Amino acid sequence: MTLISFVVPAYRVQGYLRECLDSILAQPVVDIEVIGVDDCSPDASGDILDEYAARDDRVRPLRLDRNVGLGPARNAGLDRAVGEYVWFIDGDDWLVPECLIEVAERLRTTRPDVLLVDHVRAHWNDTVTRSAMAEVFPQPPGPVTFRLRERPETLNLLHTAWNRLVRRQFLAETGLRFAPGWYEDVSFSYPMLLAADRIGVLDTVCVNYRQRRAGAITKTRGERHFELFEQWHRVFRYADRLGAQELRAALFERMMWHYLTVLGNPDRLPAHLRPTFFARMSIEYARYRPPGGYRVPPGVEGLKHRLVAAGRWRAYSALRATSRRGETARRAVRQVRRRAVPPVRATVRAARDVALHGYHRAELHRPLDENLAVYAAYWYRGYACNPAAIYEAARRLAPQIRGVWIVRRDRVHTLPAGVEYVVAGSPAYHRVLARAKWLINNVNFPDSVRKRPGSVHVQTHHGTPVKVMGLDQQRYPLGAVGMDFAGLLRRVDRWDYSISANSFSTQMWERAYPAAYTTVEVGYPRNDRLVTATPEEVLRLRAQFGAGLGEQVMLYAPTHREHLPGYRPPFDPERVLDALGPSGLLLIRSHYFHDRNRRGWPPAGRDRIIDVSSHPQVEDLYLAADLLVTDYSSAMFDYAVLDRPIVIYAPDWDAYRLTRGVYFDLLAEPPGPVTQTFSELLEVLRDRRFDTVAADRTRARFRERFCALEDGQAAERAVRQIFLADISG
């Protein structure tokens, strides 16, 4: 018999759902099932559930034909559960590795109606805070069960559905179901404890409760938080049906704690709704106050209770404001104490920087130029990537918008003829950054760039991610040395649009860069050229590198290892060329991070080994090549658009995955043959294992997942959704 049925509702959790499912399926307990409920989610959550079901028969996806909300979605999953116990796990949370060993053991030995487990709050800044478990139970109850009247302090544990496992037959006998609306856990979890004859507590952290920076209901302001009142009405009605009068005071205390928590949270209730919410609290206080009284908390909290009882909103508001001002003053004192800025020697350069900063600030007070768009790529390295493709499409579709590129002084010579530009750091640079309505970049603009009201910032990114990015790098400190995550989030908060190449990228960007931007999932504009290039253009590019029709051109493009400065994979160009045969031509391109420090790489050698690291357009290299060999570079996703062979050469996969972190198992879902040693790579090249029916099928699966939008129209779609929609709207 299945021991545990996991019910995982999914609505707008595409960035987190994979981690949730992986954490369940990787547990060393096999008698489980996962019922994934797609609550008519507008994102890729349903597709992710189908994907997991296709490769693991323990996953049973359920797609609802309309959005019903979290509570009814859980009910739908419960109706299909067959396990002895049900565990409702939210799609953006995840389990602690191997926690199920202890959970299963406790279930089998004590057979509780409800088993409460511990959790931590996992914040977006990679910090964690403990639950109240240790405060509620200073001495863990151990492997015993009890009724709520014996341990009424159990009510003070968080009332969520995901920190408890429930015997399915117990739910059927009591008829407990989730109510619709927000705060649905309240009217399910508390009645569950009231009705249970056997409650168990496992003081082992099992759940990581994700505290999202953006997108969580608890951070959504509005009137729907008033639905909390009806959920608590349901709790007291259930208590009355059970005749649980001895628990009424404990329930009342918990209700008041909950109301005050919501009232005091500015992320939930805007200022204009707080007086009304307070008035409703006063009514609820009079309605449910136990006849025999209750334990009023001491100090400020007790004063709040008395003000609610008296209906004195103004006094309560003044108390809250006083407390807030005191905390602000204490925070300011701490900041002053931390500051120890040494005096900076006055220099000519510093004076110039001050002058330019002042000029920039002055330009910020001038009106936005509604027809000015600023473009940049790779930290001002030149004209390239998605910004270049969008620039060209905008010139054609929105000619009224003037496009200006920002470029380093030493890269000016790489700009195509006729492209208007400013040099980074110059007065003109500060002027266009301050006044442009449109700012388009494939990385972030510097911290000094202000987000002006009315301006539109477009983040195009520069590759589908294999390695973890953004906030996810906090879990891999070796690959994130020196990163300022707070500064990163300030930059991300400037984004209005995020260009995405595919659904997978959308999911990962949402998780790595949580903010309020709009995703534009259109494919990568830079790849349009790969689709639209003519045979004549390909022949011309091949001729530039001395390759004729019958020659085999291989492009080797390894990625950068942030955690291993100076590392290069074992690679002997001479032996690779020998493996390719007499018709072989080898192009080697180092990562752009190495553009000023290649130190003799690639090595000078035979005529048919060419260093193309300085070639300005990587798309030229893709079009000229017959075969790509790479490791963890996003080049594989772009090159796959051409539907040409790809070989993965990943000699340090295990170390890279553990230290730098990856978003998917490249060895399990590659675009072609995988090699992990240089000798294996030579064998694949020599035997042409990249040019087989099996390799074609592998590449087709990869293209279906990552290249479905690459039809040559991505730049046009981006311009229409961003520039033209704004202009016409």
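Just so it is clear, the structure is predicted and the values come from calculations on it, not from any experiment. (Residues numbered from 1 in each chain as written. Predicted model: local features only at pLDDT ≥ 70, side-chain atom pairs only at ≥ 80, totals over all residues. Heavy atoms only, no water.)

Draft legend 1. Representation of the nonpolar core in the model. With 91 residues, the main nonpolar core has Tyr375, Tyr513, Ile722 and Phe723 as its most contacted residues. Per element, the largest residue contribution to this core is eight residues, and it comes from helix H14 (residues 385-397). In this structure, Phe723 is in contact with Ala373, Tyr375, Ile390, Ile401, Trp438, Ile440 and Ala718, ignoring residues within four places of it in sequence. Core analysis: the second largest hydrophobic core is formed by 69 residues, Val7, Leu194, Val262 and Leu319 among them. (Core = buried A, V, L, I, M, F, W, Y, C linked by side-chain atoms within 4.5 Å. Buried < 20%, exposed > 50% of the residue type's maximum accessible area, 1.4 Å probe, protein only. Helix = DSSP H or I, 4+ residues; strand = E, 2+ residues; numbered from the N terminus. Contact = heavy atoms within 4.5 Å.)

Draft legend 2. Up close: the packing of helix H9 (residues 248-263) against helix H10 (residues 274-288). Two numbers describe how H9 lies on H10: the axes approach to 11 Å, and their chain directions differ by 175°. Here H9 lies roughly antiparallel to H10, going by the angle between them. On H10, the residues touching Arg248, Phe252, Met255, Met256, Tyr259, Leu260, Val262 and Leu263 of H9 are Arg274, Phe277, Phe278, Met281, Glu284, Tyr285, Arg287 and Tyr288. Within the contact of H9 with H10, the residues separate by chemical class into twelve nonpolar, no polar and four charged. (Axes fitted to C-alpha atoms, helices over the stretch in contact; angles between N-to-C directions. Parallel < 35°, antiparallel > 145°, perpendicular 65-115°, else oblique. Nonpolar A, V, L, I, M, F, W, Y, C, P; charged D, E, K, R; others polar.)

Draft legend 3. Looking closely at the side chain of Gln27. Tracing the backbone shows Gln27 in the loop between helix H1 (17-25) and strand S2 (32-38). Residue classification places Gln27 among the buried positions, given a relative accessible area of 4%. Looking at Gln27, its side chain comes within polar contact range of the main-chain oxygen of Ser23, at 3.1 Å. Of the polar contacts made by the side chain of Gln27, one reaches the backbone nitrogen of Glu98; its length is 3.1 Å. If we ignore the near neighbours within four places in the chain, the residues touching Gln27 are Leu95, Val96, Pro97, Glu98, Cys99 and Leu100. (Polar contact = N/O pair within 3.5 Å; in protein donor to acceptor, adjacent residues only side chain to side chain.)

Draft legend 4. Just the sheet that holds strand S22 (residues 674-675), in detail. Pairing is parallel across the open sheet formed by six strands, whose spatial order is S19-S18-S17-S20-S21-S22. On the outer flanks of this sheet lie strand S19 (609-611) and S22, each paired with one strand and no other. The pairing of strand S17 (residues 552-557) with strand S18 (residues 584-588) spans five bridges and is classified as parallel. Within S18, the residue paired with Tyr556 across the bridge is Ile588. Of the strands in this sheet, S17, strand S20 (627-630), strand S21 (646-649) and S22 touch helix H24 (residues 678-687), which is tilted by about 165° from S21. (Pairing = 2+ DSSP bridges.)

Draft legend 5. Region of the structure containing the pairing of strand S3 (residues 59-63). In this sheet, S3 lies alongside S2 in parallel orientation, the contact comprising five bridges. Note that in S3 the partner of Val37 across the bridge is Leu62. Following the backbone out of S2, through helix H2 (residues 45-55) and into the adjacent parallel S3, one traces a crossover that is right-handed. (Right-handed = clockwise from strand over helix to strand, strands pointing away.)

Draft legend 6. Spotlight on the side chain of Arg210. For Arg210, the location among the structural elements is in strand S9 (residues 199-211). Under the relative-accessibility criterion, Arg210 is labelled buried at 11%. Within the structure, Arg210 has its side chain in polar contact with the side chain of Glu19 (distance 2.7 Å). Setting aside anything within four residues of it in sequence, one finds Arg210 in contact with Tyr16, Glu19, Asp92, Asp93, Trp94, Ala122 and Arg475.

In short, geometric facts, not functional conclusions.
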